[in-house]
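As a plain string of letters, each chain reads:
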Amino acid sequence: MKIRKFDTKVQHLKYKVLREVAREAWRGNLINSLYDLPEKIIPGKEPTMRCCVYKERAVIEKRIKIAMGGNVANPNVIEVIDIACDECPVSGYDVTDACRGCLAHRCGDVCRMNALTYDEHQKAHIDKKKCVNCGACAKVCPYSAIINRKRPCENACKIKAIHMAETGEAQIENDKCISCGACVYQCPSGAISDKSFILNVIDMIKKSEHNKKCKVYAVVAPSIAGQFSYAKLGQVITAMEELGFYHVVEAALGADMVAYAESKELAEADGFLTSSCCPAFVDYINKYFPALKDHISHNLSPAATISKYIKEREPDCKIVFVGPCTAKKMEFQKEDVRPYIDSVITFEELQALFDSRDIDVTKLEEGYLDNASYFGRIFARSGGLADAVRQGLKEHNLEDFDYKPISCDGIEACKIALLKASKNLLPNNFIEGMACIGGCIGGAGCLTHEAKSKKEVDDYGKEALEKNISDAIGILKY
């Protein structure tokens, strides 16, 4: 079978684990095959990044467990594979070879912890047991000889929810984590991963094959445009139906519904509203800016909104959200979403499902997605939601409303806007918050992170037959 293109070898390894776990699950032989799976994924003759193939196999066994749902005692969907997290240098400030052993020793003068000592050549050394990583020494060094080494996961986590355990591996603070998955994608060792619910999805599909009344719908995110670059989007839709999904529905239609409702809510609000579409952004407000949580839009996310619509008409059906978002794996377990979405998989996991059943996507006829408007589809990129709300105001005949949106591209931009809002210094009355850079097209669960073009998303939106939001939501039929 043709090897799919992945951004990194880490992604490819993750895919292989998911594919083999899924393959055995379809056969109903997963438990019996667990002992042999590591050899299938990493044959003994293949090179390994670990000290030996035995350690690599041990890591693979951990990956298999995560592919099967992970540690049920850990409520977070992001998990650290502890035995894989031992290759990074210890974080913190270090003195490099650029130290000239100068006479001034300003670094030692400013260190309030007395963590710096000097050898016989007057070169500085930092005692890690005393250092509190304040950075004062680095600021005063005239040679810039003191640097701050941060592990990739720490750099990726902009909300500082990751710290290093005494034993050296990364630890995620669940009370701070928003499950955005930035650390998952940025870890070069693949030592952090998102739990997979792929077995739940396979189980639902297998049951639907025996009971035709139990239909399984796939609600697919608009960011699917450009993800499966080796095939046409219509072929991907057909492949999903080949997998066993009864029907594929656009989450973008839910986005139309949200934009239409959210625009009216904004006009009726007390002058300020934040979006509710990105679950990581909503979680961020709840954890870091609780005083602003009453300003979060009362609408469910687009995926939950369209899923609710379907469930109200077909209560016995099952719904699986397919998209780029690891935070969605947390969202669907929440009390207000659980009745509508039954499981979540990423584009990475969808590719693994295709290949676990040997579905050659490129040889299929083209299906179609024609549920949403242009405005619903452009939710996939930063700024799209704000544009859709503007259109919603127009279609509600509320064009006189003084609409002043700000589109926050990434969690750091969200933080700045929320800080200003918390101090009544934000000139805007609507915050579109996207935790991932670029919006959903930058999500951690993307098959590839190269397709981040705003134009690509907009072109997909222009293919929609319904150009207005009210046109799209006015013809809902299932």
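What counts and how
- Residues numbered from 1 in each chain as written.
- Predicted model: local features only at pLDDT ≥ 70, side-chain atom pairs only at ≥ 80, totals over all residues.
- Heavy atoms only, no water.
- Helix = DSSP H or I, 4+ residues; strand = E, 2+ residues; numbered from the N terminus.
- Rg over C-alpha atoms; globule rule 2.2 N^0.38 Å.
- Buried < 20%, exposed > 50% of the residue type's maximum accessible area, 1.4 Å probe, protein only.
- Contact = heavy atoms within 4.5 Å.
- Core = buried A, V, L, I, M, F, W, Y, C linked by side-chain atoms within 4.5 Å.
- Pairing = 2+ DSSP bridges.
- Axes fitted to C-alpha atoms, helices over the stretch in contact; angles between N-to-C directions.
- Expected span 1.5 Å × (residues − 1).
- Arc of directions from axis to C-beta.
- Parallel < 35°, antiparallel > 145°, perpendicular 65-115°, else oblique.
- Left-handed = near helix turned anticlockwise from the far one by under 90°.
- Nonpolar A, V, L, I, M, F, W, Y, C, P; charged D, E, K, R; others polar.

Engineer: I would appreciate a short explanation of the overall build of the protein in the present structure.
Structural biologist: Looking only at helices and strands, one finds 20 helices and 15 strands in the protein. By the compact-globule yardstick of 23 Å for 478 residues, the protein fits well, its C-alpha radius of gyration being 25 Å. The dimensions of the protein, computed from C-alpha atoms along their principal axes, are 80 × 65 × 35 Å. By residue count, 54% of the 478 residues in the protein fall in the buried class. In the protein, of all internal contacts separated by at least 6 residues, the share reaching a separation of at least 24 is 74%.

Engineer: Can you help me understand the side chain of Glu331 in this one?
Structural biologist: Along the chain, Glu331 turns up in helix α14 (residues 328–331). For Glu331, a relative accessible area of 9% gives the class buried. With residues up to four places along the chain from it excluded, the contact list for Glu331 reads Pro279, Ser301 and Val337.

Engineer: Honestly, unusual backbone geometry in this entry has me stumped. Any pointers?
Structural biologist: For residues that are not glycine, phi is negative in most cases, and the peptide bond is trans in most cases. The backbone phi angle of His105 is positive, close to 50°, even though this residue is not glycine. The exposure class of His105 is buried, given its relative accessible area of 13%. Non-glycine residue Asn424 carries a positive phi angle of around 60°. Summarising the element assignment, Asn424 is placed in the loop between α18 (411–422) and β15 (430–434). For Asn424, a relative accessible area of 73% corresponds to the exposed category.

Engineer: Would you mind going over the nonpolar core with me for this structure?
Structural biologist: Soluble globular proteins: nonpolar side chains tend toward being buried together. Residues Met240, Phe245, Leu353, Phe354 and Ile431 are the most contacted members of the largest nonpolar core, which totals 115 residues. Take this core: its biggest share by element is 8 residues, from helix α1 (residues 9–27). Residues in contact with Phe354, not counting those within four places in the same chain, are Phe228, Tyr230, Val236, Ala239, Met240, Leu243, Ile359 and Val361. In this structure, Val258, Ala388, Val457 and Ile469 belong to the second largest nonpolar core, which totals 21 residues.

Engineer: How should the sheet that holds strand β11 (residues 273–274) be read in this particular structure?
Structural biologist: Remark on secondary structure: sheet strands pair via backbone hydrogen bonds, oriented parallel or antiparallel. Strand order across the open sheet formed by 3 strands is β11-β15-β14, with parallel pairing between neighbours. The open sheet has two free edges, formed respectively by β11 and β14 (405–409), since each of these has just one partner strand. Relative to β15, β11 runs parallel, the two sharing 2 bridges. Each bridged residue has a counterpart across the sheet, and for Leu273 the counterpart in β15 is Phe430. Helix α17 (residues 384–395) rests against β14 and β15 of the sheet, and its axis sits at about 145° to β15.

Engineer: Can you walk me through the sheet that holds strand β12 (residues 318–323) in this structure?
Structural biologist: With parallel pairing, the 4 strands of this open sheet are ordered in space as β10-β9-β12-β13. Both outer strands of the open sheet, β10 (247–250) and β13 (343–346), are each paired with one neighbouring strand and no more. Mean inter-strand twist for the sheet, computed between neighbouring axes without regard to direction, equals 30°. Bridge count for strand β9 (residues 216–220) against β10 is 4 bridges, and the pairing is parallel. Paired with Ala218 across the strands is Val248, a residue of β10.

Engineer: Teacher, can you tell me more about helix α9 (residues 198–210) here?
Structural biologist: In an α-helix, one turn spans 3.6 residues, which is why side chains three or four residues apart end up on the same side. Across its 13 residues, α9 extends 19 Å between first and last C-alpha, which sits within 8% of the 18 Å expected from 1.5 Å per residue. Among the residues of α9, Ile198, Val201, Ile202, Met204, Ile205 and Ser208 are the ones counted as buried. Here the buried residues of α9 occupy an arc of 160° about the axis, which is enough to place them on one side. Across from the buried face of α9, at angles greater than 90 degrees, the exposed residues are Lys207 and His210.

Engineer: Would you take a moment to explain the packing of α1 against helix α15 (residues 347–356) for this structure?
Structural biologist: To describe two helices that pack against each other, one gives the angle between their axes and the distance between the axes. It is at 8 Å that the axes of α1 and α15 come closest, and there the two elements cross at 50°. The angle between α1 and α15 falls in the class oblique. Between α1 and α15 the crossing geometry is right-handed. Here α1 contributes Gln11, Lys14, Tyr15, Leu18, Arg19, Ala22, Arg23 and Trp26 to the contact with α15, which in turn contributes Glu348, Glu349, Gln351, Ala352, Leu353, Asp355 and Ser356. Taken together, the residues of the contact of α1 with α15 break down into 6 nonpolar, 3 polar and 6 charged.

Engineer: In this structure, what is going on with helix α11 (residues 251–268)? I would like to understand it.
Structural biologist: The terminal C-alpha atoms of α11, which comprises 18 residues, lie 26 Å apart, in line with the 26 Å expected from a rise of 1.5 Å per residue. Within α11, 13 of the 18 residues are buried, which leaves the element mostly enclosed by the surrounding structure.

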